[in-house]
Amino acid sequence: MKHDDRGGPSRRRFLKGAAALAGGSVFAGSNIFSSINALAQDPPSGCPTPPSGGTHFVPGSDTRPIVLRKSASSLTPAELTKLQNAYTALRGLPASDKRTWVLQADMHALFCDSCNNSPFDIHGSWNFFPWHRAYLYYYERILGSLVGDLNNFRIPYWDWENIRTLPTEYRTPGSSSNSLWDGTRNSGMAGGGNLPVSDGTTSRINTLNMLTDFASFGGTSGVGGALENNPHGTIHMDVGQSSPPWHDMGNLGYAARDPLFFAHHCNIDKLWSGWNDLASGSGLPPNAYKNPTDAGFLNLRWSFYDENQQVVSISAADVLDHRTNLRYIYKYPIFRIPPLQLIWICKLICCLPDPDPGPFLEVSEKVREEVLTAVRRQANMLLVLQGVPVPPNATGVFEVLAVRGERRMQLGEIGIVPHGENRQGKQHGLQTVVLDITKAAGELLAKDKPATLRVVRRPAEQKPGIAGEILRPGQKLEYAFELKAERAEIRAEKR
Ligand code: C2O
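Each chain carries its own residue numbering, running from 1 in the written order of its sequence. Under the rules for a predicted model, residues below a pLDDT of 70 receive no local features and side-chain atom pairs below 80 are neither given nor counted, while totals for whole chains, interfaces and linings still include all residues. Processing note: side-chain calculations cover all non-hydrogen atoms of the structure and skip hydrogens and water entirely.

(A) Quick peek at helix α11 (residues 260–277). Secondary structure follows DSSP: runs of H or I at least 4 residues long count as helices, runs of E at least 2 residues long count as strands, and numbering of each begins at the N terminus. Multiplying 1.5 Å by the residue count of a helix minus one yields the expected span of that helix. Over its 18 residues, α11 extends 26 Å from the first C-alpha to the last, a length consistent with the 26 Å expected when each residue adds 1.5 Å. Buried residues are those whose accessible area, probed at 1.4 Å on protein chains only, stays under 20% of the maximum for their type, while exposed residues exceed 50% and partly exposed ones sit between those limits. Among the 18 residues of α11, 17 are classified as buried, and the element is accordingly described as predominantly covered.

Encoded structure:
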């Protein structure tokens with residue numbers, strides 16, 4: 001496949017970075033660490049020395065009880081107190097410690113190309129899911145051991161698909177007396193406002209669960225999966241401050257300083273786990289809802305600090321079975337959605353003559369007929385765009401619209417989270433953009449003046465904490481960038 005070729009250089013770049021890290025020295029002296037920690041107040045200049053090598057995680061060696069990770073909004077009072085105490089203890093660690101709140105947050109910055117000394121990124125590829133799962137695992141162990149409950153402490157998730165405001169305990173009291181609070185959040189959300197209506201919804205989750213291939217859902221060696229930009233990226237941008245430098249949640253160099261980061265990523269991890277659970281369905285193609293089996297994926301390996309400040313390393317293969325190896329589970333209703341097994345290749349073509357020059361979908365006559373037949377059957381239908389470039393200056397949440405004359409149809413969102421300061425102006429990785437075209441397909445494939453696809457900066461009416469909903473007719477929109485893709489497919493349900 002085309003995008004695998006594109007993955008080559010990026011993958012090599014990652015390996016080069018990893019090799020450089022493996023060869024790097026590890027400072028042990030505490031005076032060195034305190035100076036690093038002081039500098040670490042402001043990545044990218046002060047990122048920590050990356051841990052390298054370390055004892056390999058052995059699957060089966062973690063024999064703690066298997067414990068449920070719960071929603072932040074359904075913790076018992078005792079569980080909540082434990083969570084608060086854990087963050088208080090974490091924030092209170094001496095700067096010489098390798099588990100500190102800042103050092104751990106900077107570990108994330110380090111692994112996302114936000115530090116001057118880390119030329120690699122675990123975002124924008126199939127590293128995304130397993131790396132964050134591993135990071136949360138060790139972070140969870142650190143928090144648990146700080147409250148003397150390594151066995152039973154588990155990180156809670158913010159299930160934004162159900163709880164549309166910031167979980168109350170992370171928000172109030174809104175001061176540093178609250179260890180779950182962060183002073184740099186979007187003011188609408190911090191004040192108790194709702195997420196924008198289209199972000200992190202159950203319907204978006206259902207859309208993602210129609211994708212049966214890991215490449216579209218979770219990425220390849222060189223392209224980020226659809227979930228990463230929406231809802232992962234959109235929620236980051238909704239929670240972070242709404243203008244540059246978007247601290248904390250809206251900037252990968254700082255995001256993990258907000259305790260909410262872990263609740264957000266716990267929910268992301270839950271969605272990955274839930275997607276894998278769909279593999280048990282009947283009548284599916286052999287690889288449906290399964291993780292990649294390529295050695296290049298399974299052998300990805302990263303180093304972390306554990307709860308004893310020891311350097312440990314863990315591979316992607318080690319984290320795939322979280323129940324057996326990492327000792328936690330999630331509980332949620334499995335909602336089976338018919339997977340999309342009809343696939344038509346199409347092309348994004350630019351550009352029509354003014355006034356509406358946006359790219360449109362080019363298909364053969366035969367494909368047009370088949371798609372329109374599926375439209376008449378009211379089959380669920382998605383447009384899957386793989387290898388979508390995003391210009392370096394594009395940061396924030398974007399709406400993808402189908403525009404035909406006066407008609408505008410909202411198809412989906414793209415959330416682009418900026419890296420640390422030193423990455424501003426650098427190229428974002430390639431994206432997978434998945435759009436729901438169930439209602440728009442007929443207009444997108446119209447023979448005469450088809451609808452075009454336009455990416456616009458999200459209008460103010462749809463920003464966090466504001467009740468605004470749909471695009472108003474006649475509303476002035478700011479076109480953001482031209483939608484391009486290395487590969488475009490229309491997928492529909494077989495009925
Ligand atoms: Cu490593 Cu949510 O980002």
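(B) Spatial organisation of the nonpolar core. To qualify as a nonpolar core, a set must consist of buried Ala, Val, Leu, Ile, Met, Phe, Trp, Tyr and Cys residues joined through side-chain atoms within 4.5 Å. Membership of the largest hydrophobic core comes to 80 residues, with the highest contact counts inside it found for Tyr135, Trp158, Phe262, Trp302, Phe304 and Ile314. The element that contributes the greatest number of residues to this core is helix α5 (residues 128–146), accounting for 11 residues. If sequence neighbours within four positions are ignored, tyrosine 135 has contacts with Gln104, Ala105, Met107, His108, Ala256, Phe261, Phe262 and Phe304. Judged by nonpolar contacts, the second largest core, of 37 residues, contains Cys346, Val367, Ala394 and Val433. The contact definition used throughout considers only heavy atoms, calling two residues in contact when any of these lie within 4.5 Å.

(C) Fine view of the packing of helix α4 (residues 101–110) against α5. To obtain an axis, a line is fitted to C-alpha atoms, over the contacting stretch when the element is a helix, and the angle between two such axes runs from 0 to 180 degrees between their N-to-C directions. Two elements in contact, α4 and α5, have axes separated by 11 Å at closest approach and are oriented at 170°. Overall, the two elements α4 and α5 adopt an arrangement that is roughly antiparallel. Contacts between α4 and α5 involve Trp101, Gln104, Ala105, Met107 and His108 from the former and Trp131, His132, Tyr135, Tyr139 and Ile142 from the latter. Throughout this description, any angle smaller than 35 degrees is read as roughly parallel, any larger than 145 degrees as roughly antiparallel, any in the 65 to 115 degree range as roughly perpendicular, and the remainder as oblique.

(D) Summary view of the sheet that holds strand β6 (residues 340–349). Strands sit in the order β7-β6-β14-β8-β11 across an open sheet of five strands; the sheet is antiparallel. At either margin of the open sheet sits one strand with a lone partner, and together these are β7 (360–362) and β11 (431–436). Each strand of the sheet is rotated relative to its neighbour by a mean of 35°, with strand direction disregarded. Sheet topology places strand β8 (residues 381–388) next to strand β14 (residues 487–493); six bridges connect them, and they run antiparallel. Directly across from methionine 381, in β14, lies its bridge partner alanine 492. Strand pairing is defined by DSSP finding a minimum of two bridges between the two strands.

(E) Molecular detail of the sheet that holds strand β3 (residues 301–305). Reading across the sheet, the three strands line up as β1-β4-β3 and stay open at both edges, with mixed pairing between neighbours. Either end of the sheet is taken by a strand with one partner, and the two such strands are β1 (55–56) and β3. Strand direction decides the pairing type here: β1 and strand β4 (residues 311–315), joined by two bridges, are parallel. Of the residues in β4, the one forming a bridge with histidine 56 is serine 313.

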